[in-house]
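# Geometric and topological summary
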Amino acid sequence: MGEHMAGNGTSARGAALALLEAVLEDGAQLGQVLEADGSPVLGLSPSDRARAQRLVLTTLRHIEQADKVLKPYLRKSPPALVRNVLRLGVVELAVDGSAAHGVVNAMVDLVRHGNRTQHMTGLVNAVLRKVAATPDPFAKMPPQKMPQWLRQPLVHRWGRDVVSTIEAVQAQTPPLDLTPKSTPPEIEGATTLPTGSLRINQSVQVSTLPGFEAGEWWVQDAAAALAARLLDAKDGEEVLDLCAAPGGKTLQLAATGAKVTAVDISSPRLARLHENLARTGLAAKIIATDALHWVPDARYDAVLLDAPCSATGTLRRHPDLPFAKDGSEVPALAELQAALIDRALGFLKPGGRLVFCTCSLLAEEGEDQLTAALTRHPGLTVEPPSLDGIAPEWITKDGGMRLRPDYWAETGGMDGFFMARLRIPAT
C-alpha cells in the first residue's frame, strides 16, 4: 500500500492514488486502509483528507466509464499505476469538472514520481489533454454495473429496470442522513424524510453543523434507522443490541429511555460508540465479546440483531466493496446469521421480540433467513411493520421489510436492507 507515493505523498491527489491502488490492486477495503497505520491520508489537512477520499470514492463509482473513455487512446494496457492515474484524471475532468491544466499537470507529476513510470509522462499528458478537449466524456454512458455475482440474482428477482435504477443511484454521491435524538434541530438545507430522518444533499463538514457539539443527532442512513424504530423499544425496557458497532442503533434505543446493553466482537469499532454516547449524553452498557459464546446475566424484553453480512446494500456509500469481494463469503455469512438468530432468540424473555436485519440485497441474507427461522422455531411469529413513512410495497409477503437503493431515488435513494420483527411465544 502506498509504494508509489514517493515525492507526492502529502498531496490529496497522491493520497487518492495510493488509496485507489490499495483497493484495486491489493483488494483492500477502503475503510480499513483509511484507518490503518501508515494510511496514505496521515499527515493531510482535514480538507485534503476529505478531498482525497472524495476523489477515490468518485473514481470507484466511475471506473467502468473512465476505462471506456481511455480505451481509444491506449494501444496496450499501461502499468497499473499509470492506468490508475489516468482513471483519476478522467474522473476529475468528467465528473468534478476541474480545470484541465491543473488536472493534467498533477497527474503527470504522479507518474513522474512513480516507481519506474517516469518515461510515461508524455503518454499521460497526451491522453488527458485529449480527454479534456472532449465535452462531457461520460455523456450517454450507462451507470457502472454491479459485479455479475451480485447483479444476476437481483435482475432475476426484480428485473433489469430496477437494477439499472439501483446502479444509477449508486453512481451518485449519497446524501448525508441524520437521526435526531428527539426534536429535529434546524439545519439549513436539511429536509425531513417521511420516516423522520433528516437529509442533507450538499457537501458539508459534519462537525460544524448545528447540534453536533450538543449531541442533538448522529449520522445514520435513513434505511438503517428503521431497524430500531421497528423494534419499538419502550422506556424502562431491557434491550439488547447485538453486533452493535458503530452504534447508531444503540443511540436510537438509548434515546427511548430503554436500558440498553450493546454487544460487539470488535473493541476498536466500539470506540466510536463510546464517543457518540458521550457526545449525545445517552447511556448504554457496552460489552466487547462474541455473541455466539456470551452468556447474559438475565433475559431481555427485546433484541436488535444487525447481523454481519455482505454489505451489498451499502454500495452507494462503499463503492470499493465490489472490488474487495467476489460473493464467495456469502454462504459462510448466511450460516453465521442463522446461528446469531438462534442465539438471539434464546436471550429473550417469554413473549419477547427480536428485530433481525442485514444491510444486504441478497435473499439468502434476508428473506430466506426469515423463512428458515420460522421453520426452525415453531411458535415464532412475524409482526409486519407499521411505521410512519414506509410504503406498502416495502413489506414482503412474509411480513418482513425489504428496502432497496432505488426507493427515494429522486432524492438520493437509501441503503439496501432487509429487516423483520419476530416474537416468541409468551409461554
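Computed from a predicted structure; not experimentally measured.

Our focus in this paragraph is helix α1 (residues 12-26). With 15 residues, α1 should reach 21 Å at 1.5 Å per residue; the first-to-last C-alpha distance of 20 Å fits that figure. What α1 keeps buried is the set Ala12, Arg13, Gly14, Ala15, Ala16, Leu17, Ala18, Leu19, Leu20, Glu21, Ala22 and Val23. As for α1, its buried residues are in contact with α2 (30-35), α3 (46-61), α4 (63-70), α5 (80-96), α6 (100-112) and α13 (321-324). Positive backbone phi, at 70°, marks Gly27, one or two positions downstream of α1.

In this section: the side chain of Thr312. Position of Thr312 among the secondary structure elements: in the loop between β8 (300-306) and α13. Residue Thr312 is classed as buried on the basis of its relative accessible area of 2%. A polar contact of 3.0 Å, which involves the side chain of Thr312, links it to the backbone nitrogen of Leu361. Filtering out sequence-adjacent residues up to four positions away, Thr312 remains in contact with Trp149, Leu150, Cys359, Ser360, Leu361, Leu362 and Glu365.

This brings us to helix α7 (residues 121-132). If you check α7, its first and last C-alpha atoms are 16 Å apart, about what 12 residues at 1.5 Å a residue would give, namely 16 Å. Restricting attention to buried positions, one finds in α7 the residues Thr121, Val124, Val127, Leu128 and Val131. When α7 is viewed along its axis, its buried side chains cluster within an angular range of 140° and face the same direction. Elements that come into contact with the buried residues of α7 comprise α4, α5 and α6.

Conventions and cut-offs
- Residues numbered from 1 in each chain as written.
- Predicted model: local features only at pLDDT ≥ 70, side-chain atom pairs only at ≥ 80, totals over all residues.
- Heavy atoms only, no water.
- Helix = DSSP H or I, 4+ residues; strand = E, 2+ residues; numbered from the N terminus.
- Expected span 1.5 Å × (residues − 1).
- Buried < 20%, exposed > 50% of the residue type's maximum accessible area, 1.4 Å probe, protein only.
- Contact = heavy atoms within 4.5 Å.
- Polar contact = N/O pair within 3.5 Å; in protein donor to acceptor, adjacent residues only side chain to side chain.
- Arc of directions from axis to C-beta.

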